[in-house]
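Working through the structure, step by step
Chain by chain, the residues run as shown.
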Amino acid sequence: MKKLIGILAVVLFSVSAMAQVSSQSGKLEVMKSFRLGTCKLVKVEKEGVVTYQITALIANAASHELDIPLGGKDAATALLTSLAGYKPTKGEIVNLNNVDGNTATYSKFNGTWQIYGRGKTLYIAVSRKELLTMSEIIGDK
């Protein structure tokens, strides 16, 4: 009888532990990749809500990726097109007004936007043309 109760307790504990496991990121689908796969536009579907993000290798470090959340379809296309068309002044820091509070600066030398992560130390580089292409892809879906 004690063995039976012990087995039941273990089974119930393992079933309840399995029920608490869920995906933190949801279903990820790469919509298009740029720069030989180092920069990707990713569609994230979690609990019926579809959002988009840019996932890219960090420009100032090796083998680390940074995710830049863009929001839903309308927010993502608005953010990408406005960033691609914006002409910043020299040294201007642009707020993306997204969930993570990311900022960006434009590098004329490289011709890319440098989008910074939360700590403002790690960044990814994305060109204006890539931003417009991402916006078009999201707009078509």
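Higher on the page you've got the structure.
A short tour of the structure in this document, coming up. Only a predicted model underlies this, so the values are computations on that prediction, with no experimental measurement involved.

**Here's the deal with the side chain of Thr112**
- Note on placement: Thr112 falls in strand β7 (residues 112-116).
- The exposure class of Thr112 is buried, given its relative accessible area of 5%.

**Focus on the sheet that holds strand β2 (residues 39-46)**
- An order of β1-β2-β3-β4 is seen for the 4 strands of this open sheet, with the pairing classed as antiparallel. Only two strands of the sheet have a single partner each, and these edge strands are β1 (27-34) and β4 (65-71). Between one strand axis and the next, the sheet turns by 25° as a mean value, whatever way the strands run.
- Both β1 and β2 contribute to a ladder of 7 bridges, which runs antiparallel. Its bridge partner being in β2, Lys32 is matched across the sheet by Leu41.
- Set on the sheet, helix α2 (residues 73-85) makes contact with β3 (49-57) and β4; between it and β4 the angle comes to about 110°.
- In the packing of helix α3 (residues 128-140) onto the sheet, the strands contacted are β1, β2 and β3, and the crossing angle to β1 comes to about 135°.

Reading the values: rules and limits
Residues numbered from 1 in each chain as written. Predicted model: local features only at pLDDT ≥ 70, side-chain atom pairs only at ≥ 80, totals over all residues. Heavy atoms only, no water. Helix = DSSP H or I, 4+ residues; strand = E, 2+ residues; numbered from the N terminus. Buried < 20%, exposed > 50% of the residue type's maximum accessible area, 1.4 Å probe, protein only. Pairing = 2+ DSSP bridges. Axes fitted to C-alpha atoms, helices over the stretch in contact; angles between N-to-C directions. Contact = heavy atoms within 4.5 Å.

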